[in-house]
Amino acid sequence: MIYSPRSLDKTGCYYSWLPDTRMAATGRTVYVLSVIPRLAKLVQEKLPDVNVIEVQHKGTVEEKYNKKIYDEEILALQDAEVLLVDNNILAEISDKLPKVKWAQGTWAGVEVFLRNPEKLPPFPVSRMASDTFSQLMAEYTVGWILIHERGWLDCQQYQLKSEWQHTGKIAYYRSLKEMTVGVLGMGNIGKEVARSLKTFHSEVHAFTRTVPSPERMSNDVDKYWHTGELHEFLGQCDYIVNIMPSTPDTRGMLGGNTLKHAKKDAVFINIGRGDVISEGDLITALDAGYLSAAILDVFEVEPLPKESGLWKHPKVMLTPHSAGVSRAQDVTEAFLMNYKNFINGQPVSHVIDWKAGY
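Residues numbered from 1 in each chain as written. Predicted model: local features only at pLDDT ≥ 70, side-chain atom pairs only at ≥ 80, totals over all residues. Heavy atoms only, no water.

Asker: Is there a simple way to think about the overall build of the chain in this case?
Answerer: Secondary structure assignment for the chain yields 13 helices and 12 strands. For the chain, restricting intrachain contacts to residue pairs at least 6 apart in sequence, the fraction spanning at least 24 positions comes to 60%. Just so you have it, the chain exposes about 18,100 Å², and 52% of that area is on carbon and sulfur atoms. (Helix = DSSP H or I, 4+ residues; strand = E, 2+ residues; numbered from the N terminus. Contact = heavy atoms within 4.5 Å. Areas by Shrake-Rupley, 256 points an atom, 1.4 Å probe, with all protein chains shown as cover.)

Set out below in structure tokens:
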């Protein structure tokens, strides 16, 4: 049967099949379970000699994630050995997939697994990582620094009122090369953020929990800080960019009065995980003047509740967890690199270390 996204089997799940002549070429099969549009189609185009089976829930996205009903997906995946899957779905069903040998997640974050440690997947799972994803995060960071420093949001408000204003940040702003930007977390994304900032001649500081080996150090970082030096690190930075994953060591790391050690008028950008500081502690830091502003893409609770004080706080600019999205083409590229290693008996990359939490 030729692939048809409208075809349903008796379980109510969608299937994607290749013609028999192509399936016979390798006998290999990849299962795809994701809400990312076109993902299975792109994987099939890149792997023409592999049988790609797409499984989708017949209900709405809201029904799937709110009710967490996955009986049909589980039934359809009983023979799956290689699985490309959204992290939140895999976290719910991994203990019911008897034949999976390796799964590639479509997200970078892994905290959904750690919420249920008794249900951690019994097989290796790779988290999503790609150069393009890292670049998207870096673009967000640099873009918002420019927006904030030059008062472009104020320009928009004046435009709506037909007012010509040439005051404040609109007329008097800093160059990127005049600022020190601190990056919390120096994985792939952190290194790309540092590289992008260094392109504009910013001074870049990095905070890591452990001292990286020489080969893992970034040439784009002017100074590294480590555990025990957080307060000193904060005191050096005009912008503080959090890219830390959510782990027992990072949750609440900036909470309490930690941000009182921040440099005067520092701005906090969070593109990592929202639980690095509680909403209450963040609002306290803003109201107390520890921070002059916060640019937030991630939150303790998502979607951000309507009653949250962050929505209308005058010092907050927020976006709906969109700094870096899992695009079909990027997920496909990351999967293909790992898949080639897997079928050749080589180690796959970015396998989640459940003890480390990333």
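Read on, since the account is not over.
Asker: Is there a simple way to explain the pattern of salt bridges in this structure?
Answerer: When the charged atoms of two side chains lie near each other, side chains of opposite charge can form a pair. Following the criterion strictly, the structure yields 14 salt bridges and no others. With a closest N to O distance of 3.0 Å, Asp-79 and Lys-99 form a salt bridge. Note that Asp-79 is positioned in the loop between helix H4 (71–76) and strand S3 (82–85) and Lys-99 in the loop between helix H5 (87–93) and strand S4 (102–105), a separation of 20 residues in sequence. Among the residues examined, Lys-99 registers a relative accessible area of 42% and is labelled partly exposed. Lys-264 serves as the salt-bridge partner of Asp-265, at 3.5 Å between the closest nitrogen and oxygen. Of the residues examined, Lys-264 reaches a relative accessible area of 69% and is grouped as exposed. One connected set of salt bridges, linked through shared partners, spans Glu-149, Arg-174, Asp-238 and Lys-263. (Salt bridge = Lys/Arg side-chain N within 4 Å of Asp/Glu carboxyl O. Buried < 20%, exposed > 50% of the residue type's maximum accessible area, 1.4 Å probe, protein only.)

Asker: Would you explain the pairing of strand S10 (residues 267–270) in this entry?
Answerer: As a general feature of sheets, a regular strand has side chains that alternate between the two faces. Burial along S10 is two-sided: Val-267 and Ile-269 and Phe-268 and Asn-270, pointing in opposite directions, are all buried. Direction of pairing for strand S9 (residues 239–242) relative to S10: parallel, over a ladder of four bridges. Following the sheet pairing, Asn-242 is matched in S10 by Asn-270. Here S10 pairs with strand S11 (residues 293–296) via four bridges, running parallel. Within S11, the position partnered with Ile-269 by the bridge is Ile-295. Crossover connection from S10 via helix H12 (residues 279–287) to parallel S11: handedness right-handed. (Pairing = 2+ DSSP bridges. Right-handed = clockwise from strand over helix to strand, strands pointing away.)

Asker: Which parts of the structure should I look at to understand the packing of helix H2 (residues 39–46) against helix H13 (residues 328–343)?
Answerer: What describes two packed helices is the angle between their axes and the distance between those same axes. Remark: H2 packs on H13, axes separated minimally by 9 Å, with the N-to-C direction vectors making an angle of 45°. Viewed along their axes, H2 and H13 adopt a mutual orientation that is oblique. H2 and H13 meet at a crossing whose hand is right-handed. In this structure, H2 uses Leu-39, Leu-42, Val-43 and Lys-46 to contact H13, whose residues at the interface are Ala-328, Gln-329, Val-331, Thr-332, Phe-335 and Leu-336. (Axes fitted to C-alpha atoms, helices over the stretch in contact; angles between N-to-C directions. Parallel < 35°, antiparallel > 145°, perpendicular 65-115°, else oblique. Left-handed = near helix turned anticlockwise from the far one by under 90°.)

Asker: For this particular structure, what's the right way to read empty space enclosed by the protein?
Answerer: Which parts of space are left empty comes out when a probe the size of a water molecule is rolled across the atoms. In this structure the tally under the stated criterion is one cavity of 30 Å³ or more. Considering only enclosed or pocket space, the largest cavity measures out at about 90 Å³ in volume. Taken together, 14 residues make up the lining of the largest cavity; nearest its centre are Gly-274, Ile-277, Leu-282, Phe-299 and Leu-310. For the lining of the largest cavity, the secondary structure elements donating two or more residues are S10 and H12. Classifying every residue of the lining of the largest cavity gives nine nonpolar, three polar and two charged. (1 Å grid on protein atoms, 1.4 Å probe; cavity = no way out; pocket = protein on both sides within 12 Å on 5 of 7 lines; lining within 4 Å. Points joined across faces, edges and corners; volume = space filled by probe spheres on them. Nonpolar A, V, L, I, M, F, W, Y, C, P; charged D, E, K, R; others polar.)

Asker: Looking at this structure, how should I read the side chain of Ser-308?
Answerer: By the element assignment, Ser-308 lies in the loop between S11 and strand S12 (316–318). At 3.1 Å, the side chain of Ser-308 and the backbone nitrogen of Leu-310 are in polar contact. (Polar contact = N/O pair within 3.5 Å; in protein donor to acceptor, adjacent residues only side chain to side chain.)

Asker: Which parts of the structure should I look at to understand the layout of surface pockets?
Answerer: Here the second largest pocket defines a volume of roughly 220 Å³. Lining the second largest pocket are 13 residues, and of these Ala-129, Ser-130, Met-337, Ser-349 and His-350 sit closest to its centre. Top element by residues in the lining of the second largest pocket is H13. It accounts for five residues.

Asker: I'm lost on the packing of aromatic side chains in this one. Help?
Answerer: Centre distance and the angle of the planes are the two values used to describe a pair of aromatic rings. What the rule picks out here adds up to six aromatic pairs. Ring plane angle 50° and centroid distance 6.4 Å describe the contact between Tyr-140 and Trp-144, whose orientation is recorded as tilted. Highlighted residues: Tyr-140 and Trp-144, both in helix H7 (residues 131–149), separated by four residues, approximately one helical turn. Aromatic side chains Phe-335 and Tyr-339 sit 5.5 Å apart centroid to centroid with 25° between the ring planes, which places their arrangement in the stacked category. Taken as a pair, Phe-335 and Tyr-339 lie in helix H13 at a separation of four residues, close to a single helical turn. The residues Phe-335 and Tyr-339 share a single accessibility class, namely buried. Among the aromatic residues, those joined into a cluster by ring pairs are Trp-102, Phe-335, Tyr-339 and Phe-342. (Phe/Tyr/Trp six-rings, centres within 6.5 Å; stacked < 30°, edge-to-face > 60°.)

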